[in-house]
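Results of the structural survey
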Amino acid sequence: MKQAGILIEMENSRVKDTSLGMITLAAGADMTLHALVLDVVNEDTRDRLAEHGIHTIVELALPDDPLIRLNPAVRARAAAFAVRQLNLDTILGLSSADGKDIIPRIAALLDAPLVMDCVDVNFETNIAKTSQYSGKVMADIALTGDLVIFGIRPNAMPPKPAPVKARTLAMDPLVSAPEISHCCPGMMERTAHRQPGGSGHHHRRGPGPEKQRQFFFDI
Amino acid sequence: MQIYVCVKHVPDSAANIHIVENVRIDDTVAFLLNPYDEHAVTEAAALKKQMPDSEIIAVCLGNADAEKTIRSAMAMGADRGLLVETDQMCDSITTARALHAAITQDGPADIILTGKESIDAEGMQTLFRVGALFDYPVVTNAASLEIKGTRALVTCELAGGRTRTFSLALPCVVGAGRGLNTPGYPTFPDVVKSRKKPVKIISMDSLNIPSGHGSAKIVALAPLVQKRQPKKIIGTPAVQAKEIIRILRHQAKVIS
């Protein structure tokens, strides 16, 4: 059976509905589904992911420092680490603003073929539908390889419950593979409009202040 | 500073696209420099103004006709061009390998600029693959770029008007977004000068590009016909705003 990793996006400490729709798309195929979560997994996250068909919730611990945790290079390397560890053969992520900065990085790191902005995917044939030529053409693109990656257009599929029992698997990519942090050597923060009370643990309280801050990432 | 700009020869976005043999388009339509790559070339020219010793090299993978796109880049400021010539349709894995090989052969690069995506394949990934092959840091959708010593400071646009600023060790790869600059139209003398600038033609076969672990191949193309029906949105401004968000989210599916 195919092993699929689904890169989960969160908003206000809650799994985005668009991520749940992506799970629904994958749940229609005969695959074991692993949710790759790069943010803190709370009870609500576990429940929502299991309710929509996730078999394994992979909690990828990243440091609280937003300059590391939100750094797309670090997030991509952490996700790529999990993909290798779990020996996944299919990866799905959202073609959202954040996804466009992370999924192609994962594809490049793993040297795997990728189709972005898919409106549908046949996981048996690995053929994805996506628009091309400024939206004038719908293309069917076939991916080949041991690992294939699909960026799914947000809202391409509405979420639909398909409850299963999910287990949680914790991974600490920075401890297991410290070279991941080499892609942000300075880890310095020089912020504009910085909120008093500064760094750390923001994701445990929701992303409010982060939205108002400007980050300065070293990569 | 050795500035490489990866450019793509793409069909004009205003062209009528006709599908041939189910898997390719009629390539008799007008082709031009990918609009996002125009921003990259413009930024390279701006960097050269700050550092006059710099050289800008436009690199392209494409058929013989793609030389026109390299000439366009040279009219906008590139000093010379490299055309990796092939008649094959290449996926982003092969494209990145070809660009990497051509730049390695010609380089070394101090910075590689390109558009954040092409308007034909809309793959959004070649720059990341080029960066990975060189082991250079990569950012995309750049809205500002400044070179400070051995680092590049790049501000990138995110959704919702947010930005993130990155400090990248040079050499690096930067994907230009629309907010980076305003490309200028080349003057007639610039176009004339571009005809005299050198373009090196490199055959794809001579690069001995290793095959990847996987591939992406178009197996079918179909015209996407969208019937546009105007609809009046009525109500209070709040109701209208809510309806617009609903349409963008659930019908157009452009926001999450």
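Structure's up top.
We now turn to the structure provided with this report.

Calculation notes
Residues numbered from 1 in each chain as written. Chains lettered and ligands numbered in written order. Predicted model: local features only at pLDDT ≥ 70, side-chain atom pairs only at ≥ 80, totals over all residues. Heavy atoms only, no water. Contact = heavy atoms within 4.5 Å. Buried area = accessible area lost by both parts, 1.4 Å probe. Salt bridge = Lys/Arg side-chain N within 4 Å of Asp/Glu carboxyl O. Polar contact = N/O pair within 3.5 Å; in protein donor to acceptor, adjacent residues only side chain to side chain. Helix = DSSP H or I, 4+ residues; strand = E, 2+ residues; numbered from the N terminus. Nonpolar A, V, L, I, M, F, W, Y, C, P; charged D, E, K, R; others polar. Pairing = 2+ DSSP bridges. Buried < 20%, exposed > 50% of the residue type's maximum accessible area, 1.4 Å probe, protein only. Axes fitted to C-alpha atoms, helices over the stretch in contact; angles between N-to-C directions.

Take the interface of chain B and chain A next. Contact residues are listed per partner, giving 54 residues for chain B and 45 residues for chain A. Of the roughly 4,300 Å² buried where chain B meets chain A, counting both sides, 53% is carbon and sulfur surface. When the buried surface of chain B facing chain A is broken down by residue, Met124(B), Arg164(B) and Leu224(B) rank first, second and third, together holding 14% of it. Between Arg97(B) and Asp111(A) there is a salt bridge, and its shortest N-O distance comes to 2.8 Å. Linking chain B with chain A are 20 residue pairs in polar contact (both at pLDDT 80 or more), by the criterion used here. Taken together, the elements giving at least two residues each to the side of chain B that touches chain A come down to helix H3 (92–106), helix H4 (126–134), strand E9 (138–148), strand E10 (151–157), strand E11 (163–169) and strand E14 (214–223) of chain B. Of the residues forming the side of chain B that touches chain A, the biggest block, 10 residues, is contributed by E14(B). Residue composition of the side of chain B that touches chain A, by class: 30 nonpolar, 13 polar and 11 charged. In terms of strand pairing, strand E9 (residues 137–145) of chain A meets E14(B) through 9 bridges, oriented antiparallel. Note that in E14(B) the partner of Ile141(A) across the bridge is Ile218(B).

Residue and element names in this part refer to chain B. Along the chain, Gly235 turns up in the loop between E14 and helix H6 (237–251). Taking relative accessible area as the criterion, Gly235 reaches 46% and is therefore assigned partly exposed. Residues Gly235 and Glu38, spaced 197 residues apart in sequence, show a C-alpha to C-alpha distance of 42 Å.

Attention now goes to the sheet that holds strand E1 (residues 2–8) of chain A. To summarise the sheet geometry, strands pair through backbone hydrogen bonds and adopt either a parallel or an antiparallel arrangement. Read from one edge of the open sheet, 10 strands run E11(A)-E5(A)-E4(A)-E1(A)-E6(A)-E10(A)-E7(A)-E8(A)-E9(A)-E14(B), paired in mixed fashion. Single-partner strands in this sheet number two, and they are strand E11 (167–171) of chain A together with E14 of chain B. When the angles between neighbouring strand axes are averaged without regard to direction, this sheet yields 35 degrees. Here 7 bridges tie E1(A) to strand E4 (residues 31–37) of chain A, and the two strands are oriented parallel to one another. By the bridge assignment for E4(A), Ile6(A) is matched with Ala35(A). Docked against the sheet, helix H4 (residues 72–86) of chain A engages E1, E4, strand E5 (56–60), strand E6 (90–94) and E11 of chain A, running at close to 120 degrees with respect to E11(A).

None of the figures reported here should be taken as evidence of function without further support.
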